[in-house]
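Chain residues, written in single-letter form:
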Amino acid sequence: MNLQTIFMYKILLLTFFSTGLLLFNSCGTKEQPMLTADQQFEQLTKEFLTEFFLSSPISATWIGVHDYDNLLDDISAEGMAKDLQRIKKYKARLDSIDVSHLTKTNSIDARILAENLDEGIFGYEELREFEWNPMGYTGAIGNAIMTLVTQEFAPLDTRLKNAIERAKLVPAFLENAKKNLKTSPKIHVETAIMQNGGNVAIFREELPKAAMNSSAELQAQIKEHGEKAAIALEEFGKWLQEDLLPRATKDFRLGKEMFAKKLRHTLKSTMTTDEVLMRAEAEKKRVHEEMFALAAPLYKEYYNKDAMKEKDSLKVIKMVLDKIVLDHSKKEEVMDKIKAMMPEIENFVKEKDLLTLDATQPLVIRETPEYQRGVAVASLESPGPLEKNLKTFYNVTPIPTEWTPQQVESYLREYNNWSLYDLSIHEGIPGHYVQLYYSNRFPSILRTLMGSGVMIEGWAVYAERMMMEAGFMNNDPRMKLINLKWYIRAVCNTILDNNIHAGTMSEQQAMDLMMHDAFQEEREAAGKWRRANLTSTQLSTYFVGYQEIMDLRNEYKTKMGEKYSLKQFHETFLSFGSPSVKYIREMMME
């Protein structure tokens with residue numbers, strides 16, 4: 001899953017920045033002296049959520065709180081200063097509660113809240129992404145409107161009327177964005193310009209299309225206020241192009257110190273930054289050995305040569321993969337191919353009884369909306385935790401029309417038919433799609449709201465591997481080798497993330513790592529270099545989450561002995577919401 005800030009990105013797409021702008025308010029109410037620690041915490045949580053929804057209407061809409069669907073977030077300097085003050089007040093209140101006297105559930109939620117409040121303070125005071133990442137603003141506007149259009153939580157006319165009210169606020173929102181943005185990395189501005197064009201299309205095309213069966217009066221209002229918003233967006237795009245872009249001299253690299261701080265807040269893991277990198281380097285070597293063992297017989301089949309006599313094992317793997325990836329769709333067939341694969345994957349999960357699926361949760365496979373493009377090839381966009389039976393979108397970015405035939409072929413080789421299975425397991429069943437509807441069942445809104453991107457991405461990578469262990473595609477070695485190709489990509493993503501943002505890795509060095517060590521095609525590697533420039537720390541979540549889940553599974557299997565059941569492990573693991581794996585370990589291993 002991928003998307004801007006994962007869960008955030010792939011799941012909290014409706015918040016501005018993965019750095020903590022979702023953590024907003026406080027109310028300053030004094031604690032009642034006779035309340036127990038649990039009562040104090042529950043009161044604090046209730047007040048926090050009430051203030052959060054009020055101060056972050058875009059996120060509230062996605063979550064399923066619809067009292068503020070007519071508003072946009074206050075991103076003025078004054079508004080953000082108040083938010084930071086409120087975060088600090090909530091942190092002070094939380095610190096005054098004796099966590100040792102809380103129930104297990106409240107204790108974990110309290111620690112999750114504390115971590116996220118700390119991340120919010122870091123985001124405002126140190127990272128300050130709102131000053132240099134215009135994509136946060138373009139993404140916010142797109143999500144603010146399209147959630148109202150695509151998610152059927154209320155009658156269409158009600159949602160469209162709220163979209164009109166939000167459209168009225170777009171010009172002021174963009175003026176504040178201009179005031180906030182001091183400088184930027186060039187690539188962030190270029191991507192924001194592209195996404196901004198998608199936002200213009202929302203107001204001129206998507207909203208009128210959605211209202212085509214509404215009253216003439218409502219259609220007229222959409223046309224009037226949508227056009228005003230579109231004009232404001234065009235002016236914003238011109239400002240990005242002519243004002244911000246010429247002075248976009250900020251380095252896209254965070255630097256070693258800032259990367260280490262952000263990684264600690266992103267991972268919220270027991271692993272240190274150094275340990276993450278060391279484990280990734282060691283895992284790369286181990287996976288290469290596993291891939292060679294699978295490739296050797298296929299090398300004999302494809303080339304009639306003995307792989308054991310070859311000096312370069314990575315070359316053997318690459319030559320085998322070069323044959324496998326030729327099994328790919330035509331560019332206009334990719335979407336239909338994915339749609340045809342999903343029932344096959346679902347039936348396998350049921351046949352092997354890997355975990356219980358919920359047929360009431362609708363999954364829609366669609367092209368990635370234009371305002372979300374430019375970061376990832378695919379992503380999952382789920383309904384909020386308070387919504388019931390609304391659509392989940394499996395987004396697939398179409399091949400750019402300006403690509404050359406060679407670039408298109410490179411893309412199709414990377415996303416060959418075997419890879420499309422792996423991708424659909426990751427994004428769909430039993431990956432993100434399944435994990436997130438399990439998560440939304442957990443009664444703690446706070447825990448769902450502040451879900452761990454590491455746990456979420458880790459589960460999706462784990463799902464890929466677990467399906468191979470269960471014999472997906474009849475244990476075909478080509479499927480297993482492609483799966484390992486995807487996994488080595490997650491491993492190398494971690495190395496890439498660290499060496500780019502905490503080091504000086506060049507584009508050529510990054511391309512060599514991705515194409516030589518991770519066997520990626522040129523188009524995929526080029527896209528990953530771009531993504532690594534645009535994001536930081538998120539690329540590390542896949543590997544770290546997978547490692548933590550596998551560690552926990554091994555521990556749990558030892559604990560349960562003969563009573564161990566893979567299905568029970570999966571359903572128990574998924575039953576606690578989306579907290580960090582360290583907290584799931586507490587609950588499963590106690």
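To be clear, the structure that these remarks concern was listed above.
Keep in mind it's a predicted model, so treat the numbers as computed, not measured.

Help me understand the pairing of strand β3 (residues 392–396), please; the structure alone is not making it clear to me.
Each regular strand shows side chains that alternate between the opposite faces of the sheet. Of all five residues that make up β3, five are buried, and the element is covered over most of its length. Of the two faces of β3, the one carrying T392, Y394 and V396 and the one carrying F393 and N395 are both buried. Judged from the five bridges that link them, strand β1 (residues 363–367) and β3 form a sheet pairing that is parallel. When the bridges of β3 are listed, V364 appears paired with F393.

Would you mind showing me how to read the nonpolar core here?
If you look at soluble globular proteins, the nonpolar side chains tend to sit buried side by side. Residues F203 and F573 are the most contacted members of the largest nonpolar core, which totals 189 residues. With 13 residues, helix α18 (residues 477–501) is the largest single contributor of residues to this core. Contact partners of F573, with chain neighbours within four places excluded, come to M455, W459, I549, L552, V581, I584 and M588.

Explain helix α19 (residues 507–517) to me, please; I cannot follow it from the model alone.
For the α-helix, the turn length of 3.6 residues means that residues three or four positions removed from each other point alike. Along α19, the residues classified as buried are A510, M511, L513, M514 and D517. Packing partners of the buried residues in α19 comprise α10 (273–303), α11 (313–324), α18 and α20 (522–534). Just past α19, the residue F519 takes up positive phi, approximately 60 degrees.

Explain the pairing of strand β2 (residues 378–381) here, please?
The side-chain alternation of β2 yields two buried faces, one formed by A378 and L380 and the other by S379 and E381. Bridge analysis of β2 against β3 gives four bridges, and the strand direction is antiparallel. Paired with S379 across the bridge in β3 is N395.

What is the right way to look at the packing of aromatic side chains in this model?
Counted by the stated rule, this structure contains 22 aromatic pairs. Pairing F52 with F53 gives two aromatic rings, centres 5.6 Å apart and planes at 55 degrees, and the pair type is tilted. On the accessibility criterion, F52 (0% relative accessible area) is buried. What makes F53 buried here is its relative accessible area of 9%. Here a set of aromatic residues connected by ring pairs shows up, and it is made of W459, Y462, Y556, Y564, F569 and F573. Here R441 stacks its cationic end above the ring of Y438, 4.5 Å away from the centre of that ring. The ring of W486 has R489 lying over it, and the distance from NZ or CZ to the ring centre is 4.1 Å.

How should I be thinking about α11 in this particular structure?
Here α11 spans 17 Å end to end across twelve residues, near enough to the 16 Å set by a 1.5 Å rise per residue. Taken as a whole, α11 has its buried residues at L314, V316, I317, M319, V320, L321 and I324. On its buried side, α11 packs onto α10, α14 (417–427), α18 and α19. You can read the cap of α11 off the contacts: a side-chain oxygen lies 3.1 Å from the backbone nitrogen of L314, and it is on D312.

The rules behind each value
Residues numbered from 1 in each chain as written. Predicted model: local features only at pLDDT ≥ 70, side-chain atom pairs only at ≥ 80, totals over all residues. Heavy atoms only, no water. Buried < 20%, exposed > 50% of the residue type's maximum accessible area, 1.4 Å probe, protein only. Helix = DSSP H or I, 4+ residues; strand = E, 2+ residues; numbered from the N terminus. Pairing = 2+ DSSP bridges. Core = buried A, V, L, I, M, F, W, Y, C linked by side-chain atoms within 4.5 Å. Contact = heavy atoms within 4.5 Å. Phe/Tyr/Trp six-rings, centres within 6.5 Å; stacked < 30°, edge-to-face > 60°. Lys NZ or Arg CZ within 6 Å of the ring centre and 35° of its normal. Expected span 1.5 Å × (residues − 1). Polar contact = N/O pair within 3.5 Å; in protein donor to acceptor, adjacent residues only side chain to side chain.

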